[in-house]
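Survey of secondary and tertiary structure
Residues per chain, in single letters:
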Amino acid sequence: MVRILAIETSCDETSAAIVQDGRVVLSNVVASQVDLHAQYGGVFPELASRMHVEAIVPIMAQAMEQAHMGWGDLDAVAVTRGPGLAGSLVVGVNAAKGIALAHSLPLIGINHLEGHIYAHWLKVEGDGVPTEELCFPLLFLIVSGGHTELILMRGHGQYELVGETLDDAAGEAFDKVARLLGLGYPGGPAIETAAQQGNPAYHHFARPKVDNPYDFSFSGIKTAALRLVQSKGNIGPQGQLPTGLPINNIAASFQTGVIAQLVERTRAAAQEYDTTAILLSGGVSANRALRTAMKSRCSAPVYWPPLWLCTDNAAMIGAAAYWRFQAGERAGLDMDVEPGLRLAG
């Protein structure tokens, strides 16, 4: 039995969890800063790191208490070391180092994207959770505010980058267009809610042309959304929208364009590599229209975690850390953060 304290502070969620054997979540505590950053229309990095400093100790204590654990019950401590915001990552990594040193525990550094992948190995309930053991090769679509990548996984710890965004991440595009339309932050849920009342056929957003058929690009569709709004009238100096702007229709059309690109690239890659399943990860994977489109258009089974495992959390970091721990991997106290850390490619 291996019990790992995991810490996640890559962006604006402070999270700690206790995970047993990479499968069982004994506790998972998350302190979100989303309301704090909403006034800026996105994450304010310096403010995020300061809030992590305030939250990290009580969040870890709460995770330990909920799991009924003492320091002597732990086998290791794991922490996200990248990618992410440098200031945010430093808070979590230094906390993990302090615990590892004080309690003579092995330290494991985890790639945040690998955490999103291993969320699928946690034993949890949900309508998109696989009912049978996953078999390789697997294709992962990691789609969030900071990442849009297609990762082929041939075995534990074996990753191949199949495709990635050449500019904006899908979640970033959602945030920016939601801000343009005055829908608030975070943009993904706001666009999805507005789209439910709109006509997805109102406007066709052209698909970008890319050299690698599995790469993504969202800067063009984001700019096209701006041009569409401007075509309806002038945008005021304080962002005032043209009178009578069909916000719901634009949101629905924009969402349809983003999802079409995600599904087309993912479906093609799954067929090319003959993968046993397609697994969605990251905050944007919570989008119900994306899930529906992916299931209806792809021949391979499609899975996704429950909502609380789609967004950033420490449980997924603990799940990934278990496999690293079993492989004998350990980090030294000189481990540094890597804001631009890549998983593959």
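Before going into details, it helps to say that this report is about the structure given with it. Think of each chain on its own: its residues are numbered from 1, step by step along the sequence as written. Only residues with pLDDT of at least 70 are given local features in this predicted model, and only at 80 or more are side-chain atom pairs given and counted; all residues enter the totals for whole chains, interfaces and linings. The side-chain values count all of the structure's non-hydrogen atoms but skip hydrogen atoms and water molecules.

1. Structural notes on the pairing of strand β7 (residues 148-155)
Within a regular strand, side chains alternate between the sheet's two faces. Within β7, 7 of the 8 residues are buried, which leaves it mostly tucked inside the rest of the structure. Bridging between strand β6 (residues 138-143) and β7 involves 6 bridges; their strand directions are antiparallel. Paired with L139 across the bridge in β7 is L152. Counting the residues between successive antiparallel strands, the hairpin from β6 to β7 contains 4 residues. Here a strand pair is declared whenever DSSP counts at least two bridges between the two strands. Helix and strand assignments follow DSSP, with helices taken as H or I runs no shorter than four residues and strands as E runs no shorter than two, numbered in order from the N terminus. As defined by bridge partners, β7 adjoins strand β8 (residues 158-164) across 6 bridges and the pair is classed as antiparallel. Bridge assignment links G155 to a residue of β8, and that residue is Q158. The classification of residues rests on relative accessible area computed with a 1.4 Å probe and restricted to protein chains. Under 20% of the type maximum is buried, over 50% is exposed, and intermediate values are partly exposed.

2. Some remarks on the packing of helix α6 (residues 187-195) against helix α8 (residues 247-273)
Each packed pair of helices is defined by two parameters, the angle between the axes and the distance between the axes. Running from N to C, α6 and α8 cross one another at 115 degrees; their axes reach a closest spacing of 7 Å. By the angle between their directions, the pair α6 and α8 is classed as roughly perpendicular. For the pair α6 and α8, the crossing hand works out as left-handed. In contact with I191, E192, A194 and A195 of α6, α8 contributes N248, A251, A252 and Q255. Of the residues that constitute the contact of α6 with α8, the class distribution is 5 nonpolar, 2 polar and 1 charged. Structural elements are reduced to axes, namely lines fitted to C-alpha atoms, with helices fitted over the stretch in contact, and the angle between N-to-C directions of any two is expressed from 0 to 180 degrees. Working rule for angles: under 35 degrees goes down as roughly parallel, over 145 as roughly antiparallel, 65 to 115 as roughly perpendicular, anything else as oblique. Handedness of each helix crossing follows the sense of rotation of the near helix against the far helix: counterclockwise by less than a right angle gives left-handed, clockwise gives right-handed. Residues are treated as being in contact if the distance between any of their heavy atoms lies within 4.5 Å. Residue type decides the class: Asp, Glu, Lys and Arg count as charged, Ala, Val, Leu, Ile, Met, Phe, Trp, Tyr, Cys and Pro as nonpolar, and the leftover types, Gly among them, as polar.

3. A short note on the pattern of salt bridges
Any carboxyl oxygen of Asp or Glu that lies within 4 Å of a side-chain nitrogen of Lys or Arg is treated as forming a salt bridge with it. One pass over the structure, following the stated rule, counts 11 salt bridges. Ionic pairing is found between K222 and D168, a salt bridge with its closest N-O pair at 2.7 Å. Taken together, the positions of K222 in helix α7 (residues 219-230) and D168 in the loop between β8 and α5 (170-180) put the pair 54 residues apart, joining distant regions of the chain. In this structure, R324 and E329 form a salt bridge, with 2.8 Å as the shortest nitrogen-oxygen distance. A relative accessible area of 34% means that E329 is categorised as partly exposed. Overlapping salt bridges bring together E114, R324 and E329 as one network.

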